Amino acid sequence: MTAVAAVSTFFYRRQTLAVYLLLVPPLLWFGTVYLGSLFALLAQSFYSIDEFTATIVRKLTLKTYVQLFTQPANLDIVVRTGTMAIAVTIAAAVVAFPIANYMARYARGRMKAFFYVAVMLPMWTSYLVKVYAWRLILAKEGILNWFLTAFGLDGVLEALLRAPGIGGPSLASSYLGMFIVFVYMWLPYMILPIAAALERVPGSLLSASADLGATPAQTFWRVTLPLALPGVAAGSIFTFSLTLGDYIIPSVVGAPGYFIGMMVYQQQGTAGNIPLAAAFSVVPILLITIYLMLARRAGAFDAL
Amino acid sequence: MNAAIEFRDVHRAFGAIVAVDRVSFAIEPGEFFSMLGPSGSGKTTCLRLIAGFELPDAGVVRLGGVDVSATPPYERNVNTVFQDYALFPHMTVLDNVTYGLRVRRVPAADCRRRGEEMLALVKLADAGARRPAQLSGGQKQRVALARALINQPQVLLLDEPLGALDLKLREEMQIELRNLQRRLGITFVYVTHDQGEALSMSDRVAVFNRGRIEQLDSPQSLYTRPRTAFVARFVGGANVIDEKYAVRAEHIEVAGAGAGAPDGAVRVEGTIIDTQYQGAVRRWQVRTDDDQMITATRPEGAATPGGHDTSREPGTRVALSWSRTHMIPLAAD
């Protein structure tokens, strides 16, 4: 028996030991680099800043959270970001579902490969390039405006832009434009998990539903959608948290109102208020936790 | 009276592969009808054509005299028990069973009552609140049956429903299905590749091969009077001699080399290739001198004519003979 074989046999007979030895290095990495730094950040949110010296007071306090949730400006940012995240998630799910369904149920062979590559392709190009490209597309002199004018739809756009809240001088400087860019940006993160969930639904379940008298619409609402919900939930966690945390899109496209990501960026950078930045970072975690609890209660994970 | 199901020159191809090749047949109301064949023979496509999951490229499918060649499954009064049961994993057993009623907007109280009746019918009265994942294979089978029967279909389609069950359960379910069919008087169309299953349960059996029906007959006629070499081999594994006639394994006498044969018998010599003890019978594979494989069986322990030893070893020379009365002439394919 060679030395290698002897070592292999040694571990084959002590499988628990082998499992521990294999797991400890990645767990150490994960524990320190991911969770450790996250908790270090979160811990900072329980510190506060001395308003006169602008130094961090390392004493546990809820002062920063009080500041976060009582100052109207801060609360506005939380509500604005949360609303955008919800709107983007819903829109992404609505756009993604038919595409994912086609990919999982109908596309075969090369067509299927093409769709998967096409969905992932935009994820492989530079994020910044895409955001700036969208600013040009959505600008008043941009291609979208030109296109809509060519089809005589510029009146519709103008009406939309006059709408309170979502409107603005142009798409590039309105929440509507920001919403479009967010949906574009996160769509693949919604399509892929939904497609993966639909791939796992046996075709015989859909046949059985039709066989028992359900129309295609009934089959969708009663069988396809409930069974794809874990995928929708997974996708919406991506779109939701990516929107909550992003600071580039809101600073390049859209109206001047602040978003959580921008606030975190600014507070921990120029303002030097790390506790407030940390407290803002806790908000997405809280919102996602609430969202997951609601999704669970709604039965999104029953089919898992 | 109209036939429960009628196929007239039904054709269905998938690309270059012809799954169902201009098939015509009729199934009578209340019949237990089996479609038997190897995989890829077209039997499952025929079932799917009845259910409406496939539509014919050409020809006509009629249900109870009505042309349904272009009718979607949800508008056909036909229900299916699927091979993998296809129970909805996100619903309770009762919700699975009542699905067909709920999509037709039957009031909730009626759904519940009829669902519980159906569960009692398949002896699963206590399982209504459980999830499919908590059931055994046999129980899933019963739930699938209850779910398909609750709509009171004209025809129940069963797609190899017993394939995933172990032997004992399969035999019990065969008897139960047969009793259920007699009691309800519904037309059953049963797809299987297991000839034993088809023969033991059916009123009539259609034997499928390469997209066509080779023979449509009662189980007894199929076994005793196979029409083609394919049917002779597939149903009961008869010996096909020179592609012209069939002789069943139990009708072949095995004797020592050089032994004579009775008058009017056909006699060939060959070498034993393999011998198998199968409990009730012993079975020999013999390669004849003109290079045909012939299988002969004898009840184990029965006296062999001529007093020869039953446990002949491979390599032994033997003489095979069979009476001309046991030769079944076959039609060319």
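Here, every reference points to the structure presented above.
What you see is a predicted model, and the numbers here were worked out from it, not measured in a lab.

(A) Broad picture of the overall build of chain B. Looking only at helices and strands, chain B features eight helices and 18 strands. Principal-axis analysis of the C-alpha atoms gives chain B an extent of 80 × 45 × 35 Å. Relative to all contacts within chain B whose residues are 6 or more apart in sequence, the contacts with residues 24 or more apart total 64%. With the model as given, the accessible surface of chain B reaches about 14,900 Å², and the carbon-plus-sulfur share is 49%. Taken as two groups, the 40 positive and 40 negative side-chain charges of chain B have centres that lie 5 Å from each other.

(B) A look at the environment of A:Lys63. Residues and elements named next belong to chain A. When you line up the elements, Lys63 lands in helix 3 (residues 63-70). Relative accessible area serves as the criterion here: at 42%, Lys63 is assigned to the partly exposed category. For the pair Lys63 and Phe46, spaced 17 residues apart in sequence, the C-alpha separation works out to 7.6 Å. Setting aside residues no more than four positions away along its own chain, Lys63 makes contact with Ser48, Ile49 and Glu51.

(C) Summary view of the interface of chain A and chain B. The partner chain B presents 25 residues to the 21 residues of chain A that form the contact. Buried area between chain A and chain B, both sides added, is near 1,800 Å², and the carbon and sulfur share of it is 59%. Considering only the surface of chain A that becomes buried against chain B, A:Asp211, A:Leu212 and A:Arg222 emerge as the three largest contributors, covering 40% of it. There are nine residue pairs in polar contact (both at pLDDT 80 or more) connecting chain A and chain B. Listing elements by their share of the side of chain A that touches chain B, those giving two or more residues are helix 10 (203-211) and helix 11 (216-245) of chain A.

(D) Main features of the sheet that holds strand 13 (residues 253-256) of chain B. Residues and elements named next belong to chain B. Strand order in this open sheet of five strands is 13-17-14-15-16, and the pairing throughout is antiparallel. In this open sheet, the two edge strands, each paired with only one partner strand, are strand 13 and strand 16 (293-299). Put simply, the sheet's adjacent strands are angled 45° from each other on average, direction ignored. Across seven bridges, the pairing between strand 14 (residues 265-277) and strand 15 (residues 281-288) is antiparallel.

(E) Quick look at unusual backbone geometry. Residues and elements named next belong to chain B. The phi torsion at Arg22 lies on the positive side, around 45°, for a residue other than glycine. Located in the positive-phi region is Asp242, a residue other than glycine, with phi close to 55°. Here Asp242 lies in the loop between strand 11 (239-241) and strand 12 (245-247). The exposure class assigned to Asp242 is partly exposed, which follows from its relative accessible area of 43%.

Thresholds, definitions, all that
Along every chain, residues carry numbers that run from 1 in the direction the sequence is written. Starting at A for chains and at 1 for ligands, labels are handed out in the order in which the entities are written. Local features are withheld for residues below a pLDDT of 70 in this predicted model, meaning they are given only at 70 or higher, and side-chain atom pairs are given and counted only at 80 or more; totals for whole chains, interfaces and linings count all residues. The basis for every side-chain value is the complete set of non-hydrogen atoms in the structure, without hydrogens or water. Segments assigned H or I by DSSP are reported as helices when at least four residues long, segments assigned E as strands when at least two residues long, and all are numbered from the N terminus. Note on contacts: a residue pair is in contact if any heavy atoms of the two residues lie within 4.5 Å. Only the protein chains shown count as covering a residue, and every accessible area follows the Shrake-Rupley method with a 1.4 Å probe. Just so you know, the count uses Lys and Arg for positive and Asp and Glu for negative, and it drops His and the chain ends. Just so you know, the charge point we use is NZ for Lys, CZ for Arg, CG for Asp and CD for Glu. The cut-offs for exposure are 20% and 50% of the maximum accessible area for each residue type, with area from a 1.4 Å probe on protein chains only; residues under the lower value are buried, those over the upper are exposed, and the others partly exposed. Once two parts are put together, the accessible area they lose, assessed with a 1.4 Å probe and summed over both, is termed the buried area. For this analysis, a polar contact is any N or O atom pair within 3.5 Å, provided that within protein one partner can donate a hydrogen and the other can accept it, and provided that sequence-adjacent residues contribute only side-chain to side-chain pairs. Strands pair, by our definition, only if DSSP identifies at least two bridges between them. Interaxial angles span 0 to 180 degrees and are taken between N-to-C directions of axes, which are lines fitted to C-alpha atoms, for helices over the stretch in contact.

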